[in-house]
Amino acid sequence: MEAISDWCGRLIGGRYMLNTCLHKGSMSNVFKAWDCKEGIWVVVKIATKRPGDDDRDNLIVRLKNEAVALWHIDHPRVVRLLDSGEGENVYFIVLEYIE
């Protein structure tokens, strides 16, 4: 398993440059990232996939369900879902970044 610091500087989804780890959790790792296409800071929440890891596959399903739920919420006190995807052996969702 890679160290969290190894993820910083990595491009995810062809446009999100991971900058700083904001949280390392049991379900996912959360990064502040630069959206190279839009020129804004975002939050990227990543569940890494490891072959043969049933628990990780369940966590990916939970993260996908979170993305679906967030997609349907439009409220000023809830961060917006901006994007989601799979690539580089990870599943990720992208949320608006609020300072």
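Residues numbered from 1 in each chain as written. Predicted model: local features only at pLDDT ≥ 70, side-chain atom pairs only at ≥ 80, totals over all residues. Heavy atoms only, no water.

A. The arrangement of the pairing of strand β5 (residues 81-87) in detail. Relative to strand β6 (residues 90-96), β5 runs antiparallel, the two sharing six bridges. Pairing of Ser84 across the sheet is with Ile93, part of β6. (Pairing = 2+ DSSP bridges. Helix = DSSP H or I, 4+ residues; strand = E, 2+ residues; numbered from the N terminus.)

B. Highlighting the packing of aromatic side chains. Under the criterion given, the structure shown has three aromatic pairs. Ring geometry for Trp7 against Phe31: centres 6.4 Å apart, planes inclined by 35°, an arrangement best described as tilted. Placement of Trp7 in helix α1 (residues 4-7) and of Phe31 in strand β3 (residues 29-35) is noted, with a sequence separation of 24 residues between them. Accessibility expressed as a relative area gives 5% for Trp7, which makes it buried. In this structure Phe31 comes out as buried when scored by relative accessible area, which is 0%. Where Trp34 meets Trp41, the ring centres are 5.0 Å apart and the plane angle is 75°; that geometry is what we call edge-to-face. Residue class for Trp41 comes out partly exposed when judged on its relative accessible area of 32%. If you follow Arg10 out to its NZ or CZ, it ends over the ring of Trp7, 4.3 Å from the centre. Residue placement shows Lys32 over the ring face of Trp41; its charged tip is 4.5 Å from the ring centre. (Phe/Tyr/Trp six-rings, centres within 6.5 Å; stacked < 30°, edge-to-face > 60°. Buried < 20%, exposed > 50% of the residue type's maximum accessible area, 1.4 Å probe, protein only. Lys NZ or Arg CZ within 6 Å of the ring centre and 35° of its normal.)

This is a description of form; function is not addressed.
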